[in-house]
Amino acid sequence: PPLSFLLGNDYTMVFWNMDDYPIPVGMDDFGSIRINIIEALERFGYHGETDVNVHCAQLECDVRDELSKARIDYLPEATKVYLTSTAVNKVCSLDMTAFLVRIALPQPPINIAVIAKPKAELVRVLKCLKSRGHTLMLIHPPDGEQLSFSVDTLLAHAHLGDSKEEEDHPSQGEEEDHLSKGEEEDHLSKGEEDTSVGLGPYYYYCQYLSQKAEKEKEEEVEDPYKILDFLEPIRPSVKGAMTAVFWDAQYCPFPPGSTADEIYNSIELALVKRKFTNKTTIWAYLGDDDKNGSALLGDKTWASRIYFFSAGDKASRRIRMTNDICFWAHESSCQPVRESLFIVSDQFRGDLYYVELLHNLVPACLHLFCITPTQDINKPESPEWPELFFDKGAYRLLLEISEIPAARSCSKKRKTDAGMLFTMEDEEETSGMESNE
């Protein structure tokens, strides 16, 4: 770890969702919000450096500038898309969890304090980060109440990661997409009940290294019936190049009545025919009303490396897929070999924020493809399924950014284009299939 961790200094990152808890009416001194947050953290034993970050889909320029003066960073400003946009009213399509995962994963264990409503995906992401050694705090008042951002209210509504939580996680069938208040308390307990508070991230980092060393001593035998849901770090169990597929099964449904093994074998065979490796892993995301796919949820009873999750509505599926891709890219794509990532969805192409995020998280040795099939080939009952997906629906997702200007103050007088060029080419033009031979 960095020297600061060896010396026992804590580093804390705060992620504040302003869409959930806006600035209180009448509060003009934004600096006092930062001061109160830091004081509350210090009372919990976090005395080191603290960065406070805020996220909301749209933020007025004058509010953003005042927050910046108070040393509160606006997360979308970390993207080139936001910095180079000439729009007066910019809207960031990324969910805050995407920033949280993207920023936290490369870090050694740190303190993470989140001020947001305990939505199901946020709670899941926090559990994933906790299993990777981070110390967590979620601050939120009861449902229907706003947050005044006083020190006392921040302390009263702080929930720390439960240090007594077992490593075993509930199966997919046991886990609900939306958490009730009682269920949430099972995952995140009150701060005053957590005896580990104040120990700091170095303590947890040592614990993490010790547990990791013990696991590595064990024989690496993959359990074919284990669900890889990223609630714990994944360790590649196969050697050499791999192909990962993240599939929106609500948008691109599977053939009715197919078993998990049949779905997997059909997709892998189509990939192998196109010179991709036969070492394929598939994550499939179902909607809440997917009656055909509901039988595939729950305990895994098949040996194929395909996993099914209930991921909610259209927006929720994109958020879940994005976060899981981030976890996979960070932990699995670390080999100096050519690997491939396929995203089967209609929610990424054309969204510049997501295109930039994907290109920032994948290594140079990884081929990135999207599949957005048109209506005429999105027919799971066709005998040509899913081969037409790869022949007519796949394209290489390319990103080229030139003449990126430095960050500038917000001005309504900006009229010129910043010089952002995004290109997404057809698979035939990029020869992506042949490059994997």
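These lines cover the structure that appears in this document, whether it is placed above or below.

Cut-off values and rules
Residues numbered from 1 in each chain as written. Predicted model: local features only at pLDDT ≥ 70, side-chain atom pairs only at ≥ 80, totals over all residues. Heavy atoms only, no water. Phe/Tyr/Trp six-rings, centres within 6.5 Å; stacked < 30°, edge-to-face > 60°. Helix = DSSP H or I, 4+ residues; strand = E, 2+ residues; numbered from the N terminus. Buried < 20%, exposed > 50% of the residue type's maximum accessible area, 1.4 Å probe, protein only. Lys NZ or Arg CZ within 6 Å of the ring centre and 35° of its normal. Polar contact = N/O pair within 3.5 Å; in protein donor to acceptor, adjacent residues only side chain to side chain. Salt bridge = Lys/Arg side-chain N within 4 Å of Asp/Glu carboxyl O. Axes fitted to C-alpha atoms, helices over the stretch in contact; angles between N-to-C directions. Parallel < 35°, antiparallel > 145°, perpendicular 65-115°, else oblique. Contact = heavy atoms within 4.5 Å. Nonpolar A, V, L, I, M, F, W, Y, C, P; charged D, E, K, R; others polar. Expected span 1.5 Å × (residues − 1). Pairing = 2+ DSSP bridges. Right-handed = clockwise from strand over helix to strand, strands pointing away.

**Points about the packing of aromatic side chains**
Next, step 1: A complete count under the given rule lists 20 aromatic pairs for this structure.
Next, step 2: For the ring pair Phe246 and Trp283, a centre distance of 4.8 Å and an interplane angle of 10° mean the geometry is stacked. In this pair, Phe246 sits in strand 8 (residues 243-248) while Trp283 sits in strand 9 (residues 280-286), placing the two residues 37 residues apart along the sequence. Here Phe246 and Trp283 have matching classes, each one buried.
Next, step 3: Ring plane angle 35° and centroid distance 5.4 Å describe the contact between Trp247 and Phe254, whose orientation is recorded as tilted.
Next, step 4: Overall, the relative accessible area of 10% leaves Phe254 in the buried class.
Next, step 5: The structure contains a cluster of three or more aromatic residues connected by ring pairs, namely Phe230, Phe246, Trp283, Tyr307, Phe327 and Trp328.
Next, step 6: Seen from the ring of Tyr82, Lys90 lies directly overhead, with NZ or CZ sitting 4.2 Å from the centre.
Next, step 7: Above the face of the Tyr395 ring, Arg349 is positioned so that its terminal group lies 3.9 Å from the ring centre.

**As for helix 12 (residues 352-361)**
Next, step 1: Within helix 12, seven of the ten residues are buried, which leaves the element mostly enclosed by the surrounding structure.
Next, step 2: Those residues of helix 12 not exposed but buried are Tyr353, Tyr354, Val355, Glu356, Leu357, Leu358 and Leu361.
Next, step 3: If you check the start of helix 12, you find a side-chain oxygen 3.2 Å away from the backbone N of Tyr353, and it comes from Asp351.

**Thoughts on the pattern of salt bridges**
Opposite charge on two side chains lets them pair, provided their charged atoms get close.
Next, step 1: By the definition in use, this model includes 16 salt bridges.
Next, step 2: A salt bridge links Arg124 to Asp324, with the nearest nitrogen and oxygen atoms 2.8 Å apart. Remark: Asp324 occurs in helix 11 (residues 314-331) and Arg124 occurs in helix 6 (residues 120-130); sequence separation between them is 200 residues.
Next, step 3: Owing to a relative accessible area of 6%, Arg124 belongs among the buried residues under this scheme.
Next, step 4: According to the relative accessible area criterion, Asp324 is buried, its value standing at 0%.
Next, step 5: Measuring nitrogen to oxygen at the nearest pair gives 2.4 Å for the salt bridge that ties Glu232 to Lys226.
Next, step 6: Taking relative accessible area as the criterion, Lys226 reaches 37% and is therefore assigned partly exposed.

**Brief notes about the packing of helix 5 (residues 96-104) against helix 11**
The geometry of a pair of packed helices is captured by two quantities: the angle between their axes and the separation between those axes.
Next, step 1: Their axes nearest at 9 Å, the elements helix 5 and helix 11 cross at an angle of 5°. On the basis of the axis angle, helix 5 is roughly parallel to helix 11. Residues Thr97, Ala98 and Val101 of helix 5 touch helix 11, and the partners they reach there are Ile319, Thr322, Asn323, Cys326 and Phe327.
Next, step 2: Of the residues contributing to the contact of helix 5 with helix 11, the split by class is five nonpolar, three polar and no charged.

**Topic: the side chain of Asp324**
Next, step 1: Engagement of the side chain of Asp324 in a polar contact is seen with the side chain of Arg320, the distance being 3.0 Å.
Next, step 2: Leave out the neighbours within four places in its chain, and Asp324 touches Arg124, Phe230, Phe246 and Tyr285.

**A closer look at the environment of Leu59**
Next, step 1: Within the element layout of this structure, Leu59 appears in the loop between strand 2 (49-55) and helix 3 (61-69).
Next, step 2: Since its relative accessible area comes to 10%, Leu59 is described here as buried.
Next, step 3: Setting aside chain neighbours within four positions, we find Leu59 in contact with Met18, Arg64, Leu67, Tyr74 and Tyr82.

**Thoughts on helix 11**
Next, step 1: In a regular helix each residue adds 1.5 Å, so 18 residues correspond to 26 Å; helix 11 covers 26 Å between its end C-alpha atoms and thus fits that length.
Next, step 2: Summarising burial for helix 11: 14 of the 18 residues are buried, a large majority.

**Let's talk about the environment of Ala284**
Next, step 1: Take Ala284: it is sitting in strand 9.
Next, step 2: Classification of Ala284 as buried rests on a relative accessible area of 0%.
Next, step 3: Here Ala284 is in contact with Trp247, Phe254, Tyr307, Phe308 and Phe309, once residues within four sequence places are set aside.

**Considerations on unusual backbone geometry**
Next, step 1: Cis geometry is adopted by the peptide bond preceding Pro386, which originates at Trp385 and carries an omega value of -5°.
Next, step 2: Take Pro386: it is sitting in the loop between strand 12 (366-371) and helix 13 (387-393).
Next, step 3: Positive phi, close to 65°, is recorded for Arg71, a residue that is not glycine.
Next, step 4: Inspection of the secondary structure puts Arg71 in the loop between helix 3 and strand 3 (72-74).
Next, step 5: At Phe230, a position not held by glycine, the phi torsion is positive, near 70°.
Next, step 6: Considering the arrangement of structural elements, one finds Phe230 in the loop between helix 9 (201-217) and strand 8.

**Points about the pairing of strand 9**
Next, step 1: In terms of burial, strand 9 is largely enclosed, as seven of its seven residues are buried.
Next, step 2: Because side chains alternate across strand 9, one face comprises the buried residues Thr280, Ile282, Ala284 and Leu286, and the other comprises Thr281, Trp283 and Tyr285, equally buried.
Next, step 3: Here strand 8 runs beside strand 9; their pairing, made up of six bridges, is parallel. Among the inter-strand pairings, Val245 is bridged to a residue of strand 9, identified as Ile282.
Next, step 4: In this fold, strand 8 hands off to helix 10 (residues 260-273), which returns the chain to strand 9; that crossover is right-handed.
Next, step 5: Sheet topology note: the strand 9/strand 10 (residues 306-310) ladder contains five bridges and is parallel. Bridge pairing in strand 10 links Leu286 to Ser310.

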